[in-house]
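Examination of the molecular architecture
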Amino acid sequence: MNTMNKITHHLSDQLLIGYSAGSLPEAFNLVVATHLSMCDECRAAAQSFDSIGGALLQAQPTENLGDAALAKTMALIAKGPKAAASKPVGSDVPDPLSAYIGGGLNDVKWRPIGLGVRQAVLKTSHAATARLLYIPSGAAVPDHGHRGTELTLVLQGAFRDETARFAAGDVEVADEELHHKPVAEIGHDCICLAATDAPLRFSAWIPRVAQSLFRL
Amino acid sequence: MGMNLDIVQETGASGRQLAYAAFNSNALDDQKANFPAVTQTIPKNIWVDHLKRIQTDQDQQAFAELFGYFAPRVKAFLMKSGASPGMAEDCTQEVMATLWHKAHLFDPSRASVSTWIFTIARNKNIDALRKQRRPEPEELTWGPEAEPEASDVLVMQQESDQLSQAMKALPGQQRELIEKAYFGDLSHGQIAAETGLPLGTIKSRLRLALTKLRQTMK
């Protein structure tokens, strides 16, 4: 899936190195992999960071293997490849995300979180949370700040916040500095994939109650 | 003759250079016997041809040579990333078995063999040590008809060699930082200080390779 419109908000090198090194939490990896499926610019960058890993691997001092290592490996090969996860067909989201939803956007089990906004938490490791957000045309996600990092990737529609406009394929990397209120553009409902490595901080008390109920 | 020179250049100044060069020239003799055409078009990187031999002929000799060079490095990488020697040994065998099974997915216009093995080892590490799934971007592969051009393969392998050389030339402290980011457990926040990676032109080459690939996919 390569979106036709021009992507203007990309992943940071920091995140791409983390993805390449394998040190990001699973939820972040999901956002990165989904963005890379939509953005060749970042895919090329990610692959260049993989090349650094390749150069490091090649320069490693060696560790001897057991005498039978090659024979054991040939035995593993003879067993055949591990069954690959079946590829979801004809999904409206990139493959890595589709694997977590178990299909396309129609298969998402949305839950209302107030003001017309809906979300679905995706199952990942606990170090960070990934969720899909459905923001109806013109609606806003309550004003919030972040303790850690929040990645928001637009899948459909567009939103604006205090910093810029984000359309399909764009990713916003928000850190502790940013306190923002994303609003979906009029005309289309906006669907995003978001990941946070710390709970969001809402300004009003009502979203705080909702937060404890809905794991925002 | 030119080939041997290239290979010595490629391995750079390491204690194993001589043994490796000798090892490679033997491998090249085998390769000439089996694949004269390939040797002419891609003289530079013999590991690419090893993978091709595994892919097309299930060539166990080629696999054994590749194993001899890369498996001890994969094991070292896994141990640096926190695996016990026993676990690193088992995982290395699985990584090398995956290499055999996925040989048909290797695209030499987009990665060197060591880069490709690095990604397999990294994913194994995430799976076995960190017990996480690893979401990967959608796969982009040349269709059954198309294949990368030999010149693109050559350029990518040269870029990768240059990157390896540039990494070796880095000041020790900077190299340590990069190693820590890749093998240690630096969080992405801690990687912030990481600058000056010697990427050269490899990123724009990869961008170009993706554009070509997209064109054949349409």
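Residues numbered from 1 in each chain as written. Chains lettered and ligands numbered in written order. Predicted model: local features only at pLDDT ≥ 70, side-chain atom pairs only at ≥ 80, totals over all residues. Heavy atoms only, no water.

**Brief notes about the overall build of chain A**
Filter applied, for reference: Strands here mean DSSP runs of E at least two residues long; helices mean DSSP runs of H or I at least four residues long; both are numbered from the N terminus. Only protein chains enter the area calculation, which uses a 1.4 Å probe; residues under 20% of their type maximum are buried, those over 50% are exposed, and those in between are partly exposed. Throughout, a contact is declared for two residues whenever any of their heavy atoms are within 4.5 Å. The protein chains shown are the only cover counted for residues, whose accessible areas, like all others here, come from Shrake-Rupley with a 1.4 Å probe.
When its secondary structure is counted, chain A shows six helices and 11 strands. Counting all 216 residues of chain A, 56% fall into the buried class. Within chain A, contacts between residues at least 6 apart in sequence are counted, and of these 66% link residues at least 24 apart. Accessible surface, chain A as shown: approximately 9,400 Å² in total, 55% of it carbon and sulfur.

**What to know about the interface of chain B and chain A**
How we decide: Joining two parts hides part of their accessible area as seen by a 1.4 Å probe, and the buried area is that hidden amount summed over both. Salt bridge, as used here: a side-chain nitrogen of Lys or Arg that lies within 4 Å of a carboxyl oxygen of Asp or Glu. Nitrogen and oxygen atoms within 3.5 Å of one another constitute a polar contact, given that in protein one can donate a hydrogen and the other can accept it, and given that sequence-neighbouring residues count only through two side-chain atoms.
Counting residues at the interface gives 65 residues for chain B, matched by 64 residues for chain A. For the pair chain B and chain A, the summed buried area comes to about 6,100 Å², and 61% of that belongs to carbon and sulfur atoms. Close ionic contact of A:Asp50 with B:Arg122 constitutes a salt bridge, the shortest N to O distance being 3.0 Å. Our count for the contact surface shared by chain B and chain A stands at 21 residue pairs in polar contact (both at pLDDT 80 or more). Of all elements in the fold, only α5 (60–80), α6 (85–101), α7 (113–128), α8 (150–169), α9 (172–183) and α10 (202–217) of chain B reach the threshold of two or more residues within the side of chain B that touches chain A.

**Comments concerning the packing of aromatic side chains**
What counts is decided by this rule: Aromatic rings from Phe, Tyr and Trp, with only the six-membered ring used for Trp, were paired whenever their centres fell within 6.5 Å, and each pair was classed as stacked if the ring planes differed by under 30 degrees, edge-to-face if by over 60, and tilted otherwise. Throughout this description, the term charge over a ring refers to an Arg CZ or Lys NZ atom that lies within 6 Å of the ring centre and within 35 degrees of the ring normal.
Under the defined criterion, the tally for this structure stands at 11 aromatic pairs over all chains. For the pair B:Phe63 and B:Trp100, a centre-to-centre distance of 5.4 Å together with 80 degrees between the ring planes defines the contact as edge-to-face. Placement of B:Phe63 in helix α5 and of B:Trp100 in helix α6 is noted, with a sequence separation of 37 residues between them. Note on B:Phe63: relative accessible area 0%, which makes it buried. Take B:Trp100: its relative accessible area is 14%, and that puts it in the buried class. Through successive ring pairs, a cluster of aromatic residues spans B:Phe77, B:Phe118, B:Tyr182 and B:Phe183. Looking at B:Arg73, its charged tip hangs above the ring of B:Tyr69, at a distance of 3.9 Å from the centre. The positively charged end of B:Arg133 is found above the aromatic ring belonging to A:Tyr100, 3.9 Å away from the centroid.

**Considering the pattern of salt bridges**
For the structure on display, the rule yields 18 salt bridges over all chains. One salt bridge in this structure joins B:Glu89 and B:Lys75, with 2.9 Å as the shortest N-O distance. Taken together, the positions of B:Glu89 in helix α6 and B:Lys75 in helix α5 put the pair 14 residues apart, joining distant regions of the chain. Comparing B:Glu89 with B:Lys75, the two get one shared label, buried. One continuous salt-bridge network, built from bridges that share partners, spans A:Asp50, B:Arg122, B:Arg134 and B:Glu136.

**Points about helix α2 (residues 26–38) of chain A**
Worth spelling out the cut-off: For a helix, the expected span equals 1.5 Å multiplied by the residue count minus one.
If you check α2(A), its first and last C-alpha atoms are 19 Å apart, about what 13 residues at 1.5 Å a residue would give, namely 18 Å. Here α2(A) lies mainly inside the structure; 13 of its 13 residues are buried.

**Observations regarding the confidence of the model for chain B**
All names here are of chain B. Test applied: Values of pLDDT, which run from 0 to 100, indicate the predictor's confidence residue by residue.
In this model, chain B carries a mean pLDDT of 79, and residues with pLDDT of at least 70 account for 76%. Confidence scores differ between elements of chain B, with helix α1 (residues 2–11) showing the lowest mean pLDDT of 35 and α6 the highest of 97. Interface confidence in the predicted complex, given as ipTM, is 0.88; pTM for the same model is 0.84.

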